[in-house]
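If you want the building blocks of each chain, they are given just below.
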Amino acid sequence: DIEYAEPAPIRYCNEFIPNDPEINKQWHLQNIELYKAWEVVKEKKGVLIGISDSGVDINHFDLANNVWKNPKEELNGVDSDGNGKVDDINGWDFVGNISFDDIYYGRWKEDNDPSVKIDQNFHGTHVAGCAAAVINNTIGVAGSAINCKIVASKHAVDSTTDYGIQRGYEGILYLAKLGARIINCSWGGKAYGMTEYDVIQEAISLGSIIFTSAGNEAVDIDISPIYPACYEGCIIVGSNDPNNKVSSFSNYGLISVDLGAPGSDIYSTVPGNGYRMESGTSMATPHVSG
C-alpha cells in the first residue's frame, strides 16, 4: 500500500550572511560557497583546530572569542592535565626568546604563552584568521569555520622572523594529544625525516586530520617533494586565484596535491588588532582546515 518512502529534508530560508563589516574584502567566502555551508552548520559547535605556526595573537579582538581554553588546566604553576606543559591554558610556546646559538645547541625557552611577540611575525595570526576569525561579531572579517575553537603551538623565535619554524613536529604531536581533530601546518621544507614521518603517523592515529600547504615555488612536488606535505596521510592544499585557476606561485602535483583553495589576495587578521592582504598556499590551507 506504500508507493514510496523517503526522508523529509530540512529546508532553509536564506543563506546565512554574517555582519562582519569587512567581509566584502573576502572574495573567497562566496567563491567556495561558505555562506551556504554556514547556514547548514551554524548550530554545531566543538571542533578544535590546532594552528602549528609562528604564534597567534590570541588577544586579537577578531580571534579572542574563538581561542580555546584548556578545561583541565588553571594558572597555578602545576601541570594539572599531566601532559608535561605547565599551565598551558591556550596552547604552548615551543621556542621562546632565544638566539641562533640557542637553536644550534637546542636551548629552548618554552613557556605557556603561544602569542606572537612581534607584529612583523604576522604569519600565524593571518593563518588563524583564515581558519577561524569570529563570525557575525560586527568586527572585521570572517574565518571559514563557524563556532570552532583554535589552539596554538608557537614555533618562531620571539624577537625575529629570521629563523623560521622550529620544533614544528613536536607541536603537531602536542596538538593531537590535546584533542585537536584538525591540525593546520602552513609551513614546510625539502628535507625528509623518519622522526617527522613517525610523528605524523602518530598524530593521525590519535584521530587528527593534518592539512598542509603545498608551497610557493611554482614547482611540481610529485618530482620535488616537500615536507610535511608529502608525508603519507597529510592532505595537501594548493592555492587558487579568484578565477579558480592555480595561483602563479602555487606548487602543484597531479598525484600529490589533493585540492586547491583560495590563496591569492586573502584579507585576514594580523597582530595588534590589524588586518592585511596576503597570498600563499599558507592562506589556502587554513580555509580548508576551517
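Residues numbered from 1 in each chain as written. Predicted model: local features only at pLDDT ≥ 70, side-chain atom pairs only at ≥ 80, totals over all residues. Heavy atoms only, no water.

(A) Layout of the overall build of the chain. Per the secondary structure count, the chain includes seven helices and nine strands. For the chain, whose C-alpha radius of gyration is 19 Å, the value lies close to the compact-globule estimate of 19 Å for 290 residues. When the 290 residues of the chain are sorted by exposure, 53% land in the buried category. Accessible surface computed for the chain: about 13800 Å², of which carbon and sulfur atoms make up 50%. Looking at charge distribution, the chain has the averaged site of its 20 positive side-chain charges lying 3 Å from that of its 39 negative ones. (Helix = DSSP H or I, 4+ residues; strand = E, 2+ residues; numbered from the N terminus. Rg over C-alpha atoms; globule rule 2.2 N^0.38 Å. Buried < 20%, exposed > 50% of the residue type's maximum accessible area, 1.4 Å probe, protein only. Areas by Shrake-Rupley, 256 points an atom, 1.4 Å probe, with all protein chains shown as cover. Lys, Arg positive; Asp, Glu negative; His and termini not counted. Charge placed at Lys NZ, Arg CZ, Asp CG, Glu CD.)

(B) Fine view of the nonpolar core. V151, Y169, I172, I183, I200 and I210 are the most contacted members of the largest nonpolar core, which totals 27 residues. Contributions of two or more residues to this core are made by α5 (168–178), β4 (182–185) and α6 (194–205). Per-element tally for this core: the top contributor is α5, with seven residues. Excluding anything up to four places from it in sequence, Y169 contacts W187, E196, V199, I200, Y227, P228 and Y231. I49, A128, C148 and M283 belong to the second largest nonpolar core, which has 26 residues in total. (Core = buried A, V, L, I, M, F, W, Y, C linked by side-chain atoms within 4.5 Å. Contact = heavy atoms within 4.5 Å.)

(C) Summary view of the environment of I172. Summarising the element assignment, I172 is placed in helix α5. Residue classification places I172 among the buried residues on the basis of a relative accessible area of 0%. Put simply, I172 and D1 are 171 residues apart on the chain and 57 Å apart in space, counted from C-alpha to C-alpha. Among residues more than four places away in sequence, those in contact with I172 are S52, I183, C185, W187, I200, A203 and I210.

(D) Structural context of the pattern of salt bridges. Per the stated rule, a full pass over the model turns up 12 salt bridges. Here E33 makes a salt bridge to K36, at a shortest N to O gap of 3.9 Å. Looking at E33, the relative accessible area reads 46%, which means it is partly exposed. Close ionic contact of K154 with D158 constitutes a salt bridge, the shortest N to O distance being 2.6 Å. In this pair, the class of K154 matches that of D158, namely buried. One salt-bridge network, held together by shared partners, links D93, D113, K117, K154 and D158. (Salt bridge = Lys/Arg side-chain N within 4 Å of Asp/Glu carboxyl O.)

This is a description of form; function is not addressed.
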